[in-house]
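# Fold and geometry: a report
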Amino acid sequence: MRLIAIKALAGVAALGLANSALAATAPAAAQPAVQANKAEPDINGIWEIYPDPFAGEENTFLELPVPGDGPKLREPYATEWKTLRANRDAKLKAGTPLVDPSTQCTPEGMPSVMGAIFPLEFLQTPGQVTVLAEFITQTRRIYLNKKMPALEELTPSYYGMSVGKWEGDTLVVKTIGVKEESRFFEIPHSYEMTITERIKVTGPGLIENEITIDDPKVLLEPYRFTYGYKRNPEYQIMEYYCDREDPLFKVKEDGTVEMKTADEIK
């Protein structure tokens with residue numbers, strides 16, 4: 001489920017000139033120490049989903065479509081999931097959208113977090129790529145060139161264990177150990193689910209993430225889709241914590257949700 005409030009929080013940081021000035025005054029001998037490894041493409045920075053499905057919209061509820069052609073599920077999962085989605089769609093059209101994990105401030109988990117309903121920040125450091133999501137201030141760590149632990153050694157978690165390596169210009173990441181309760185568009189999965197990502201620069205300020213979900217216990221075939229992102233060098237990630245309740249939504253007694261009014265947003 002991707003029930004979201006369109007980006008009502010925004011911040012712009014004017015740090016570029018200051019950083020340029022500092023770089024200009026740095027000693028020449030210090031320059032090689034701060035240069036990135038040229039063998040790895042530079043994916044540092046803040047990225048927004050692209051094309052932007054929220055462009056031109058005011059604050060409202062939107063139900064984003066399930067990526068690609070949707071999953072091909074085994075029974076009884078296929079019937080159960082279709083019934084669930086039909087009920088949610090009907091409630092949304094009636095103007096009474098149902099509560100979901102996002103509106104209850106639950107971490108999105110994998111691969112939902114990569115859907116970037118709010119911007120993502122990628123940080124490349126030695127041995128690790130860290131993904132910071134603005135939405136409820138989530139953190140995901142991708143460990144580079146590390147041996148993947150056995151599944152039975154892992155504690156189920158929202159983001160699972162992610163291990164990656166650069167294959168030429170593509171960052172290939174494998175994730176396992178995602179808890180079954182953490183679902184992408186409410187799609188059921190087993191604990192044996194494996195997520196493979198291929199993250200690649202596709203143009204100036206553009207990257208794409210080809211995602212493949214393998215789960216033979218639940219899926220008839222691997223589920224594949226791609227997210228695109230566009231770098232936004234002027235954006236500054238803001239703090240977005242849920243303090244007992246979401247800052248943009250409110251949950252009513254009947255289990256449906258509605259947007260807060262401007263007076264209720266503090």
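What counts, and at which threshold
- Residues numbered from 1 in each chain as written.
- Predicted model: local features only at pLDDT ≥ 70, side-chain atom pairs only at ≥ 80, totals over all residues.
- Heavy atoms only, no water.
- Helix = DSSP H or I, 4+ residues; strand = E, 2+ residues; numbered from the N terminus.
- Buried < 20%, exposed > 50% of the residue type's maximum accessible area, 1.4 Å probe, protein only.
- Polar contact = N/O pair within 3.5 Å; in protein donor to acceptor, adjacent residues only side chain to side chain.
- Contact = heavy atoms within 4.5 Å.
- Salt bridge = Lys/Arg side-chain N within 4 Å of Asp/Glu carboxyl O.
- Pairing = 2+ DSSP bridges.
- Axes fitted to C-alpha atoms, helices over the stretch in contact; angles between N-to-C directions.
- Phe/Tyr/Trp six-rings, centres within 6.5 Å; stacked < 30°, edge-to-face > 60°.
- Lys NZ or Arg CZ within 6 Å of the ring centre and 35° of its normal.

### As for the side chain of Thr256
The residue Thr256 is located in the loop between strand 12 (249-251) and strand 13 (257-259) in this model. Under the relative-accessibility criterion, Thr256 is labelled buried at 4%. A polar contact of 2.7 Å, which involves the side chain of Thr256, links it to the side chain of Asp254. Ignoring any residue separated from it by four or fewer positions in sequence, one finds Thr256 in contact with Thr96, Pro97, Leu98, Val99, Lys250 and Val251.

### Looking at the pattern of salt bridges
Under the criterion given, the structure shown has eight salt bridges. The closest approach of N and O atoms between Arg140 and Glu197, which form a salt bridge, is 2.5 Å. Residue Arg140 is found in strand 6 (residues 138-144), and its partner Glu197 is found in strand 9 (residues 194-203); the two are separated by 57 residues along the sequence. Across the pair, Glu197 and Arg140 agree in class, each one buried. Residues Arg198 and Glu167 are paired through a salt bridge, measuring 3.9 Å at the closest nitrogen-oxygen approach. Residue Arg198 is found in strand 9, and its partner Glu167 is found in strand 7 (residues 161-167); the two are separated by 31 residues along the sequence. On the basis of relative accessible area, Glu167 is assigned to the partly exposed category, the value being 37%. Connected via shared salt-bridge partners are Arg85, Arg88 and Glu186.

### Some remarks on the sheet that holds strand 4 (residues 120-125)
Pairing is mixed around the closed barrel formed by nine strands, whose spatial order is 2-4-5-6-7-8-9-10-11. Taking each pair of neighbouring strands and ignoring which way they run, the sheet shows an average axis angle of 30°.

### Notes on the packing of aromatic side chains
Tallying each qualifying case throughout the model produces nine aromatic pairs. Each ring, one from Phe135 and one from Tyr240, has its centre 5.3 Å from the other, and the planes form 80°; the classification is edge-to-face. One end of the pair, Phe135, is in the loop between strand 5 (128-133) and strand 6; the other, Tyr240, is in the loop between strand 11 (223-231) and strand 12, and 105 residues separate them in sequence. Of the aromatic side chains, those joined through ring pairs into one cluster are Phe184, Phe185, Tyr223, Phe225 and Tyr227. The cationic tip of Lys179 hangs over the ring face of Tyr158; the distance from NZ or CZ to the ring centre is 4.4 Å.

### Some details on the pairing of strand 10 (residues 206-214)
Along any regular strand, the residues point their side chains to alternate faces of the sheet. Bridge analysis of strand 9 against strand 10 gives nine bridges, and the strand direction is antiparallel. Note on strand 10: the bridge partner recorded for Thr196 is Thr212. Linking strand 9 back to strand 10 in an antiparallel pair, the connection comprises two residues, with Gly205 at a positive phi of about 70°. Pairing geometry for strand 10 and strand 11, over eight bridges, is antiparallel. Across the sheet, the residue bridging to Leu206 is Lys230, located in strand 11.

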